[in-house]
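Below are the chains, spelled out letter by letter.
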Amino acid sequence: MNTARTLCFVIAALSSYAALVYRLCQARRSWKDSAYRALVITLLLQCLTFTMGAVAMGGESFLGVGNLAILLMHLSAVAFCVSAQIILLRWATADEEAIRKSRYWLITGICLNTLLTALFFLADGSGRPASDFDTGSGQPLVLTYLLVFIVSQAVPCVTIFRQCGPYARMTDNASLRQALRLLSVASVVLFLYCLARTVNILTAASGIDIGVWKVAASVFSAAGIVTLSLSLTNSSWGPSAAKLLDWARTYRSYRALYPLWRDLYESSPDIALEPPGASVSASVSDLNYRLHRRVVEIRDGWRDLRPYIDRATHDSDSGGPDREASEEFRQAFAEAAQIRQALHAKRKGTIPQVNKDDGDFDDRDTDNFTAEVAWLTQVASAYSKLGNAS
């Protein structure tokens, strides 16, 4: 169990240091911003909290003082919660109101840390086994110390969660809105840590052994801190991650359209602005352009096939969708079957008596590029399945 708890502390510490290093890389251009400085201080306190936690798991003495690592962990955790609350205020409220409320939280944090320090030494914390600070050991002063610490963690979780929702709805900044949502998730997970920690203490005080469930508090703590680290750095990596996801979606669509585009190009080579493979680097560096070109070329290839499409022909049973498929899915298979038949007819030079000699994909609105890509992707997928079935 101690191994699992130590691992959770290490994970939380590593995520904290990763977030701190990531933010420090922006110090040159952001240091004059007070919100940035508050964020760096918060991450430093977060790193100190979980570093002390890992040290406490490794031994009972730190700098020659028994359980000092535990006390420092708890004091820095209180300061960290206060600092996180101040960051939220600076993100979401006017400067004057943020300053006023920040002072309140600073005073509260100082009072709590003073109380924790006094309780620690009154309970002879430096002379006790480290396990006493896990269970309380039935000692009133140690129990009081632990419960005060848990309350100091739970209250900011509640206030942050209550504030994140309204603040996220108020802001027009997409990355900040996402950061606030992640912060609200982190506050919920860390509140679950507080609940699990309270259960551990109260069950131990009552003589009840809950076994392996004791480690739940450490798991919630690590998960909450990882989420919190992501939320505190989201404004930097969020836009880049969104661009990466958008690029991945674009690339997936680009590749999915290839089988349909390839056969249309072989049938009508003039549809291509550039020969295939003429600019491989462009397909990576300017994928949106390449996707637009592919859509336009598929559309032009489709127009070239209109005289060869038999209007009386519908999708065949072979390889077609079942009756439970959606109407749009069945339409995609119908279009794909007609394209395949039209390509075959063009190769043979056979023009049906009743053909589609004008229009586009069932005269769909092509002004919405995203919707058109989604539709053509369905058609291309159906086209590939029909090819595999034949």
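Residues numbered from 1 in each chain as written. Predicted model: local features only at pLDDT ≥ 70, side-chain atom pairs only at ≥ 80, totals over all residues. Heavy atoms only, no water.

Time to look at the side chain of Ser-76. One can find Ser-76 in helix α4 (residues 68-92). A distance of 3.0 Å separates the side chain of Ser-76 from the backbone oxygen of Met-73, its partner in a polar contact. (Helix = DSSP H or I, 4+ residues; strand = E, 2+ residues; numbered from the N terminus. Polar contact = N/O pair within 3.5 Å; in protein donor to acceptor, adjacent residues only side chain to side chain.)

Glancing now at the packing of aromatic side chains. By the definition in use, this model includes 6 aromatic pairs. Through successive ring pairs, a cluster of aromatic residues spans Phe-120, Phe-121 and Tyr-145. Here the basic side chain of Arg-294 rests over the ring of Trp-261, its NZ or CZ set 4.9 Å away from the ring centre. (Phe/Tyr/Trp six-rings, centres within 6.5 Å; stacked < 30°, edge-to-face > 60°. Lys NZ or Arg CZ within 6 Å of the ring centre and 35° of its normal.)

It is at 10 Å that the axes of helix α12 (residues 287-305) and helix α13 (residues 327-348) come closest, and there the two elements cross at 60°. Classified by the angle between their axes, α12 and α13 sit oblique to one another. Where α12 crosses over α13, the handedness of that crossing is left-handed. Contacts between α12 and α13 involve Trp-302, Asp-304 and Leu-305 from the first element and Glu-335, Gln-338, Ile-339, Ala-342, Leu-343 and Lys-346 from the second. A per-class count over the contact of α12 with α13 returns 5 nonpolar, 1 polar and 3 charged. (Axes fitted to C-alpha atoms, helices over the stretch in contact; angles between N-to-C directions. Parallel < 35°, antiparallel > 145°, perpendicular 65-115°, else oblique. Left-handed = near helix turned anticlockwise from the far one by under 90°. Contact = heavy atoms within 4.5 Å. Nonpolar A, V, L, I, M, F, W, Y, C, P; charged D, E, K, R; others polar.)

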